[in-house]
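One letter stands for each residue in the lines below.
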Amino acid sequence: MDLNERKLQILQAIIADFISTGEPVGSRTLSKNPEIEVSAATIRNEMADLEEMGYLTHPHTSAGRIPSDKAYRLYVDEFMDTSDLPDDRKEAIREKLSETRTELDATIEHAAELLSEMTNLTSFAITPQVNENKLKYIQFLPVDERTVVLMLVSEKGKVLNKAIRLSVPYTEENLELMSKVMTHNYMGKTISSIMARDIIKDFTNDMSSLAGLAKDVAPSFMKTLQKMLDVDLYMNGYTNVFDLPEYSQDPVKSRNFLQLLENKSHLKDVIVNRDEGLVITIGDENSEDMQDVSLITADYKVNGKLVGKLGVIGPKRMKYGEISSVIKYISENISETFEVKGETDD
């Protein structure tokens with residue numbers, strides 16, 4: 001069964017209406033939409049097809065339909081509008097963040113507060129801790145002719161391992177030398193300061209013969225460092241979602257959401273380990289305890305280097321385009337504010 005133009009039009013209308021009202025959408029409501037020029041009977045048939053295709057669900061207490069996770073994903077990937085924010089909203093963001101433009105931590109805390117105010121959702125931002133973890137030891141262990149295991153050990157005793165598939169051959173002598181060079185270069189330095197370095201350039205300067213191997217290793221090394229990063233988590237707007245009917249009318253859902261927010265350690269791990277850029281995960285794309293929510297995150301940088309992330313967590317029924325535009329502008333504004341002032345720690 002094809003998702004033809006008419007089905008897409010009806011699906012878009014259902015998603016827009018449900019995001020706006022929170023009420024299941026029926027064929028009668030859609031038949032009043034001037035852009036949908038077909039009969040109510042045709043709409044009902046198309047809605048039945050969309051449900052069979054997995055784009056709609058049918059709450060047992062209502063004759064209307066609501067979008068599924070699959071529908072939201074299609075909407076985000078294909079139809080979401082991330083137009084520029086109006087000038088007055090941009091100005092409000094700039095003014096709020098400029099109040100603490102010389103203090104990164106205070107700016108990030110203000111960013112989380114502002115994000116909550118502008119989206120009416122629970123917002124968060126993460127930044128490296130002042131007493132951040134430092135690297136103690138790096139070792140590469142051979143597995144087979146094209147695979148090695150990277151082992152990182154921090155001064156606080158945290159150990160992380162990562163298997164790396166190589167595109168170039170190696171010898172055990174290569175691995176031992178690379179382990180020694182990297183340990184010498186980065187031992188005693190904070191995780192975030194190492195993340196701000198150009199790993200390939202370091203190798204080119206110190207050991208040009210290993211530069212090819214370093215190109216394979218660098219991406220996995222940086223991702224593993226990010227998982228080791230100790231971060232502070234700022235949150236704001238814990239109770240905003242309880243103004244929404246799906247939470248105010250469902251005590252179980254409300255309790256589950258609060259329990260999710262209370263588990264800050266797990267939430268920090270989830271946020272830190274997300275991909276770079278603007279990332280939107282919806283419902284069952286998240287971990288098992290987060291399948292009833294959506295999560296939107298973006299990076300912020302200092303001097304072009306990734307420092308932390310900020311975003312929102314809330315119901316799957318959210319204004320994805322508008323919220324994404326707000327998050328993106330705030331993160332870009334932070335990055336621009338500290339482009340010159342930010343410094344990396346050697």
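Residues numbered from 1 in each chain as written. Predicted model: local features only at pLDDT ≥ 70, side-chain atom pairs only at ≥ 80, totals over all residues. Heavy atoms only, no water.

The end-to-end C-alpha distance of helix α10 (residues 211-228), which contains 18 residues, comes to 24 Å, matching closely the 26 Å that a straight helix rising 1.5 Å per residue would cover. The axis of α10 is deflected most strongly, by about 40°, at V217, and proline P219 appears within four residues downstream. The complete set of buried residues in α10 reads A211, L213, A214, D216, V217, A218, S220, F221, T224, L225, Q226 and M228. (Helix = DSSP H or I, 4+ residues; strand = E, 2+ residues; numbered from the N terminus. Expected span 1.5 Å × (residues − 1). Bend = angle between axes of the 7 residues up to and from the residue. Buried < 20%, exposed > 50% of the residue type's maximum accessible area, 1.4 Å probe, protein only.)

Another point: the packing of aromatic side chains. Think of a pair of aromatic rings as described by two things: how far the centres are apart, and how the planes are tilted against each other in angle. Under the definition given, this model contains 5 aromatic pairs. Plain terms: the ring middles of F242 and F257 are 6.4 Å apart, the flat faces sit at 85° to each other, and that makes the pair edge-to-face. With F242 in the loop between β7 (231-236) and α11 (245-248) and F257 in helix α12 (residues 251-262), the pair connects residues that are 15 residues apart, well separated along the chain. Three or more aromatic residues joined by ring pairs form one cluster here, namely F242, Y247 and F257. We note K70 situated over the ring of Y55; from NZ or CZ to the ring centre the distance is 4.5 Å. (Phe/Tyr/Trp six-rings, centres within 6.5 Å; stacked < 30°, edge-to-face > 60°. Lys NZ or Arg CZ within 6 Å of the ring centre and 35° of its normal.)

Here we come to the domain arrangement of the protein chain. Domain boundaries in the protein chain define domain 1 (5-79), domain 2 (87-121 + 237-337) and domain 3 (135-229). Distance between the C-alpha centres of domain 1 and domain 2: 28 Å. Of the roughly 930 Å² buried at the junction of domain 1 and domain 2 (both faces included), carbon and sulfur atoms supply 60%. If you look at where domain 1 meets domain 2, you find 2 salt bridges. Between D69 and K316 there is a salt bridge; the shortest N-O distance is 2.9 Å. Residue composition of the side of domain 1 that touches domain 2, grouped by class: 5 nonpolar, 3 polar and 2 charged. (Domains from an automatic or database assignment. Buried area = accessible area lost by both parts, 1.4 Å probe. Salt bridge = Lys/Arg side-chain N within 4 Å of Asp/Glu carboxyl O. Nonpolar A, V, L, I, M, F, W, Y, C, P; charged D, E, K, R; others polar.)

Attention now moves to the pattern of salt bridges. Applying the stated criterion across every chain yields a total of 17 salt bridges. Where K7 meets D49, a salt bridge forms, and the shortest distance between an N and an O atom there is 3.5 Å. Residue K7 is located in helix α1 (residues 5-21), and its partner D49 is located in helix α3 (residues 40-52); the two are separated by 42 residues in the primary sequence. Notably, a salt bridge pairs E246 with R317, separated by 2.9 Å at the nearest N-O pair. With E246 in helix α11 and R317 in the loop between β10 (305-315) and α14 (320-337), this residue pair connects regions lying 71 residues apart in the sequence.

Glancing now at the sheet that holds strand β4 (residues 135-144). Pairing within the open sheet is antiparallel, and its 3 strands lie in the order β4-β5-β6. At either margin of the open sheet sits one strand with a lone partner, and together these are β4 and β6 (159-165). The sheet shows a mean angle of 20° between the axes of neighbouring strands, direction not considered. The pairing of strand β5 (residues 147-154) with β6 spans 7 bridges and is antiparallel. Looking at the pairing, V148 lines up with I164 of β6. Packing against the sheet, helix α7 (residues 172-186) makes contact with β4 and β5, and its axis sits at approximately 165° to β4. α10 contacts β4, β5 and β6 of the sheet and is inclined by roughly 35° relative to β5. (Pairing = 2+ DSSP bridges. Axes fitted to C-alpha atoms, helices over the stretch in contact; angles between N-to-C directions. Contact = heavy atoms within 4.5 Å.)

Reading across the sheet, the 5 strands line up as β7-β3-β10-β9-β8 and stay open at both edges, with antiparallel pairing between neighbours. This sheet does not close on itself; its edge strands, each paired only once, are β7 and β8 (279-282). The mean angle between the axes of side-by-side strands here comes to 20°, regardless of whether they run parallel or antiparallel. One ladder, built from 6 bridges, connects strand β3 (residues 122-128) with β7; its direction is antiparallel. Paired with P128 across the bridge in β7 is V231. Helix α13 (residues 264-272) rests against β3, β7, β9 (293-302) and β10 of the sheet, and its axis sits at about 105° to β7.

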